[in-house]
Amino acid sequence: MSASDFRQIAIGRETGKPERLFRAAVSAFCALPRPSRREIAQLEDLTLPLFDKVSVEARRYVSAALSETEYAPPGLVRRLSDESVDIAAPLLIRSPMLSDVALIALIGRHGLPHARAIARRPSLNKTIADLIRVLERPRLVYPEMTEQDQASATAATAPTTIEAAQDASNIPAPGELAENVRRRLRSMMAPNTAHQSAPGEGQTRGPAYERLKSTALTGNGTFFQTALADALEIDFQTARAITEKSGYSSLIDALRALDLSEEQAFLLAATTFPSQFAHAEAVRLFLERYRLLHRDVALDRVRDWKAAAVGASIRGNAERLQPKSGAAGSKSDQLRAS
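The following paragraphs examine the structure supplied in this document. Predicted model, so just to flag it, every value in this text is computed and none were measured.

### Let's talk about the side chain of R59
Thought 1: Along the chain, the position of R59 falls in helix α4 (residues 56-65).
Thought 2: Discounting residues that sit within four places of it in the chain, R59 has contacts with F22, F51, D52, V54, L80, E83 and I87.

Below you can see the structure in the form of structure tokens.
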């Protein structure tokens, strides 16, 4: 399939069997050399509603097809990674879309089967590798010993000198290795937590949501766009573009960056795009997409909006400062006449 095939599927919402559409959309997307953000969002919009209607073989095929691309839709990758390991394995082993934090979360949710697949990733973080070894061989961390074995081991290893006692104090106690692994995992998670709670990154507060809700319920789009611009610290034109698009994909990014709850986000989306929620399936899809969107991804998109606005402002200023050709010509004519 070609790039034009994917665009035709995305624009026309080709009808047919869910299985055929699911496979065709991903195949055509993978043919794109460098898909745009809009095309990534289109693939997510196409495939997530079909996910529960396709076979295991189709999910396995899509997992393998998207496993090596850095442009795969994040929501679809997370959904596939949460499947059983026979489906998720290609993504767990190769996907550049899965961060260290995401891998730890997957191990926590799915345990040893996912951990064994993740262990095959090239250049795996050492802390995650240690965690998987602990899961694989827990007896190395918590050795099971009878009382007689413990007594004999104590007698055999009892220090006879002060120096020996000092050396023995450096030997990790049973369970200490696991605690060391946990400590390193917490340190890995700490930068992510600090990043999320840092001021200036759209951190949500009660008053911010209350203002968004009150302006959204007025029915006046300008009021809500102004409140959204203030909450995200973006320009008004960007906020207006977010709320005037044909779909709510960009609004999901904005609300997730504000770290709103699912109920809060749905209320704002439903008042902004009421026609998008005509039936229960549309509501379920919105909540699922919102739940699967990682806040770091949403914050990156907000930063992209800010950068694009700054770039547009710089270009506008540069064009305004350039002398007009007509004005330059008239000045030269006046100099010649004088």
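Still more ground to cover, so stick around.
### Comments concerning the pattern of salt bridges
When charged atoms on two side chains of opposite charge get close, those side chains can pair.
Thought 1: Evaluation of the coordinates by the stated rule reveals 20 salt bridges.
Thought 2: The shortest N-O distance in the salt bridge between R289 and E44 comes to 3.7 Å. Of this pair, R289 sits in helix α18 (residues 280-292) while E44 sits in helix α3 (residues 37-47); the two residues are 245 residues apart in sequence, bridging distant segments of the chain. This pair shows no difference in class: R289 is buried, exactly as E44 is.

### Quick word on the packing of helix α14 (residues 221-232) against helix α16 (residues 249-257)
Packed helices, taken two at a time, are described by the angle their axes make and the gap between the axes.
Thought 1: At their nearest, the axes of α14 and α16 sit 10 Å apart, and the two run at 50° to each other. On the basis of their axis angle, the class for α14 and α16 is oblique. When the axes of α14 and α16 are compared, the crossing they make is left-handed. Judged by residue contacts, F224, L228 and L232 of α14 engage L251, A254 and A257 from α16.
Thought 2: In the contact of α14 with α16, the residues fall into 6 nonpolar, no polar and no charged.

### Focus: unusual backbone geometry
Thought 1: One non-glycine residue, E233, lies in positive phi territory at about 60°.
Thought 2: Mapped onto the elements, E233 comes out in the loop between α14 and α15 (236-243).
Thought 3: A positive phi angle, near 60°, is found at D259, a position not held by glycine.
Thought 4: Along the chain, D259 turns up in the loop between α16 and α17 (262-272).

### Some thoughts on the packing of aromatic side chains
Thought 1: Per the stated rule, a full pass over the model turns up 7 aromatic pairs.
Thought 2: Taking 5.5 Å as the distance between ring centres and 85° as the angle between the ring planes, the aromatic pair formed by F277 and F286 counts as edge-to-face.
Thought 3: Judged by relative accessible area, F277 falls into the buried class, the value being 14%.
Thought 4: F286 sits in the buried class, given a relative accessible area of 1%.

### Points about the environment of T222
Thought 1: By the element assignment, T222 lies in helix α14.
Thought 2: On the basis of relative accessible area, T222 is assigned to the partly exposed category, the value being 42%.
Thought 3: Remark: the alpha-carbon pair of T222 and R240, spanning 18 residues in sequence, is separated by 7.7 Å.

Parameters at a glance
- Along each chain, residues carry numbers from 1 onward, in the same order as the chain's sequence is written.
- Confidence filtering applies because this is a predicted model: local features only for residues at pLDDT of at least 70, side-chain atom pairs given and counted only at 80 or more, and all residues used for totals across whole chains, interfaces and linings.
- Hydrogens are left out, water is left out, and the side-chain values use all remaining heavy atoms of the structure.
- Starting at the N terminus, helices and strands are each numbered in turn, a helix being any DSSP run of H or I of at least four residues and a strand any DSSP run of E of at least two.
- In what follows, residue pairs with any heavy atoms lying within 4.5 Å of each other are defined as contacts.
- Should a side-chain nitrogen of Lys or Arg be within 4 Å of a carboxyl oxygen of Asp or Glu, the pair is scored as a salt bridge.
- Each residue's exposure class comes from its accessible area (1.4 Å probe, protein chains only) as a fraction of the maximum for that residue type: buried when under 20%, exposed when over 50%, partly exposed otherwise.
- Angles run from 0 to 180 degrees between N-to-C directions of axes, and those axes are lines fitted to C-alpha atoms, restricted for helices to the stretch in contact.
- If an angle is under 35 degrees, it is roughly parallel; if it is over 145, roughly antiparallel; if it lies from 65 to 115, roughly perpendicular; otherwise it is oblique.
- Working rule for handedness: look at the near helix, and if it is turned counterclockwise from the far one by less than a right angle, call the crossing left-handed; if clockwise, right-handed.
- Any residue that is not Ala, Val, Leu, Ile, Met, Phe, Trp, Tyr, Cys, Pro, Asp, Glu, Lys or Arg is counted as polar, Gly included; the first ten are nonpolar and the last four charged.
- Here a pair means two rings of Phe, Tyr or Trp (six-membered ring of Trp) with centres within 6.5 Å. Their orientation is stacked below 30 degrees between planes, edge-to-face above 60, and tilted elsewhere.

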